[in-house]
Amino acid sequence: MKEHTILVVDDNRTNLQIIRDILESQYHLLMAVSGEAALKFLQRKSPDLILLDLMMPGMSGQEVFQAIRQKPQQAAIPVIFLTANQDSEVEVECLNMGASDFITKPIVPEVLCHRIRNTLELRDLQNDLEEQIRRKTVENERLLLQAIEAIVYSIEAKDTITQGHSVRVAGYCRAMARELGYDEDVQQQIYQTALLHDVGKIGTPDAILKKTSPLNEEEYRIIQKHTTDGASILSTIGTIPYLEDGARYHHEHYDGSGYPQGLAGDDIPLIGRIIAVADVYDALISRRHYKDPLDQQMARKELMDHSGTQFDPGIVQTFIRLLDLGVIEEIQKESER
Ligand SMILES: [Fe+2]
């Protein structure tokens, strides 16, 4: 059974015929008489291996090779060079460029078959390994997220009125990260960091969390500790670089009047400035022990009124854009499902 497809590129039709005779019974073959024709083939098909003549009129084998390596979908296809050139310097140069192998003409059928088989076996092993790693990575990420969610549910179970808060805040933060142009990996890291921003509340007494009247100085001091307590809990997890920053800095104010460190402007890590906006917005539109929910327009106005003092103006702008696009409302609805 023919499993693999090989693209053979050679300007000499006699050579193409010789190679066809040797390989036809074992592989699907695609034949190209020039580098340009080979690249055209590659726009439509993705062979398992390329046999590439080094010296051709028009594009040389090396030029074709470089063009192939620049295309992400084709960069991993193994290439074996064919040449009449006995010059070992050229051979070294090709191998250094990343060629899988180098075969000199005249072609010896057994050598050609062996080299091709070895290269394909190696490629298949590599693909298997990559697939296994990919699957394991997905599985690990899922486990990490489940563990994080379990922690979040246990914090929110302390006070049912805040249920869903962390998931919504994390959703807003991910949407902001996307809007700010961060790639999917960073978006996911920001999501996980925001999920855990209030983890330090695990140590805050219920009586303070659920208090309906204003907090006294001592109680205020205790509740502020959830930022630094959260950061020390998260400092033991090394997989997300700024995980502890999210907990530590989400109550800092842009003008320096926040806590725990009273940092101002860009001295507050970006993750803290992002979570701050999402956190306050969600608290404003939610019921709390001490207040009724605000409607979206009033919460929007609150954010604008505190832009540049409590919040980073750029982040407020990004959030307002998402609010106007309906993205924020969509995330709210999602958390209710
Ligand atoms: Fe908080």
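Note that residues are indexed from 1 along each chain, following the sequence as it is written. The model is predicted, so local features are restricted to residues of pLDDT at least 70 and side-chain atom pairs to those at 80 or more, both for listing and for counting; the totals for chains, interfaces and linings are taken over all residues. Excluding hydrogens and water, the side-chain figures rest on all heavy atoms present in the structure.

## Quick word on the overall build of the protein
Every helix listed is a DSSP run of H or I at least four residues long, and every strand listed is a run of E at least two residues long, numbered separately from the N terminus. The helix and strand inventory of the protein stands at 14 helices and 5 strands. As a reference, a globule follows 2.2 Å times the number of residues to the power 0.38, and the radius of gyration itself is taken over C-alpha atoms. For 337 residues, the compact-globule formula gives about 20 Å, and the C-alpha radius of gyration of the protein, at 30 Å, lies well above that figure. C-alpha atoms of the protein, sized along the principal axes, occupy 90 × 40 × 35 Å. Only protein chains enter the calculation, and the probe is 1.4 Å; a residue is then buried if its accessible area is under 20% of its type maximum, exposed if over 50%, and partly exposed in between. Counting the 337 residues in the protein, one finds 43% classified as buried. Sequence-distant contacts in the protein: of pairs separated by 6 or more residues, those separated by 24 or more amount to 61%. With an accessible surface of roughly 17,800 Å², the protein has 51% of that area assigned to carbon and sulfur atoms. Of the side chains in the protein, 35 bear a positive and 53 a negative charge, and the two mean positions are spaced by 5 Å. In this description, contact between two residues means that some pair of their heavy atoms is separated by no more than 4.5 Å. Surface exposure here means Shrake-Rupley accessible area, sampled with a 1.4 Å probe, where a residue is shielded only by the protein chains that are shown. Asp and Glu count as negative and Lys and Arg as positive, but His and the ends of the chain are not part of the count. Charge coordinates come from a single atom per side chain, which is NZ of Lys, CZ of Arg, CG of Asp or CD of Glu.

## Regarding the coordination of the iron ion
The coordination sphere of the iron ion, as far as protein atoms go, consists of D198 (OD), H226 (NE2), H250 (NE2) and H251 (NE2), spread over 2.2 to 2.4 Å. A donor here means any N, O or S atom no more than 2.8 Å from the metal (3.2 Å for Na, K and Ca); water is not included, so a site may seem to lack partners. Here the metal geometry follows the donor angles, with tetrahedral for four donors whose angles all fall between 85 and 135 degrees, square planar for four and octahedral for six when opposite donors are more than 155 degrees apart and every other angle is between 65 and 115, and irregular for all the rest. The coordination sphere of the iron ion comprises 4 donor atoms, whose angles at the metal cover 83 to 169 degrees; the geometry is irregular. Each donor residue of the iron ion lies on one chain, and together they are spaced D-x27-H-x23-H-H. Of the two residues, D198 is situated in the loop between α7 (184–195) and α8 (206–209) and H226 in helix α9 (residues 217–234); the sequence distance between them amounts to 28 residues. Its relative accessible area of 6% is what places D198 among the buried residues.

## Examining the packing of helix α11 (residues 270–285) against helix α12 (residues 296–305)
Two elements in contact, α11 and α12, have axes separated by 9 Å at closest approach and are oriented at 145 degrees. By crossing handedness, the relation of α11 to α12 is classed as right-handed. For the pair α11 and α12, the contacting residues are V277, V280, Y281, L284 and I285 in the first and Q296, A299, R300, E302 and L303 in the second. Each residue belonging to the contact of α11 with α12 can be placed in one class, and the counts come to 7 nonpolar, 1 polar and 2 charged. Whenever a helix is involved, its axis is fitted only over the stretch in contact; in every case the axis is a line through C-alpha atoms, and angles between N-to-C directions fall within 0 to 180 degrees. Put simply, a crossing is left-handed when the front helix is turned counterclockwise from the back one by less than a right angle, and right-handed when it is turned clockwise. Note on residue classes: Ala, Val, Leu, Ile, Met, Phe, Trp, Tyr, Cys and Pro are nonpolar, Asp, Glu, Lys and Arg are charged, and everything else, Gly too, is polar.

## Focus on the sheet that holds strand β4 (residues 79–83)
Strand pairing is assigned whenever DSSP detects at least two bridges linking the two strands. The parallel open sheet is built from 5 strands, whose spatial order is β2-β1-β3-β4-β5. The open sheet has two free edges, formed respectively by β2 (28–32) and β5 (101–104), since each of these has just one partner strand. The sheet shows a mean angle of 20 degrees between the axes of neighbouring strands, direction not considered. Across 4 bridges, the pairing between β4 and β5 is parallel. Across the sheet, I80 pairs through a bridge with D101, a residue of β5.

## A few points about the domain arrangement of the protein
Residue ranges for the domains originate in an automatic or database domain assignment. You can read the domains of the protein as domain 1 (5–131) and domain 2 (157–336). Summarising the inter-unit geometry, the C-alpha centres of domain 1 and domain 2 are found 55 Å apart.

## Considering unusual backbone geometry
Cis geometry marks the peptide bond from K105 to P106; its omega dihedral reads 0 degrees. By the secondary structure assignment, P106 is in the loop between β5 and α5 (109–156). With an omega of 5 degrees, the peptide bond running from Y259 to P260 counts as cis. Along the chain, P260 falls in the loop between α10 (243–249) and α11.

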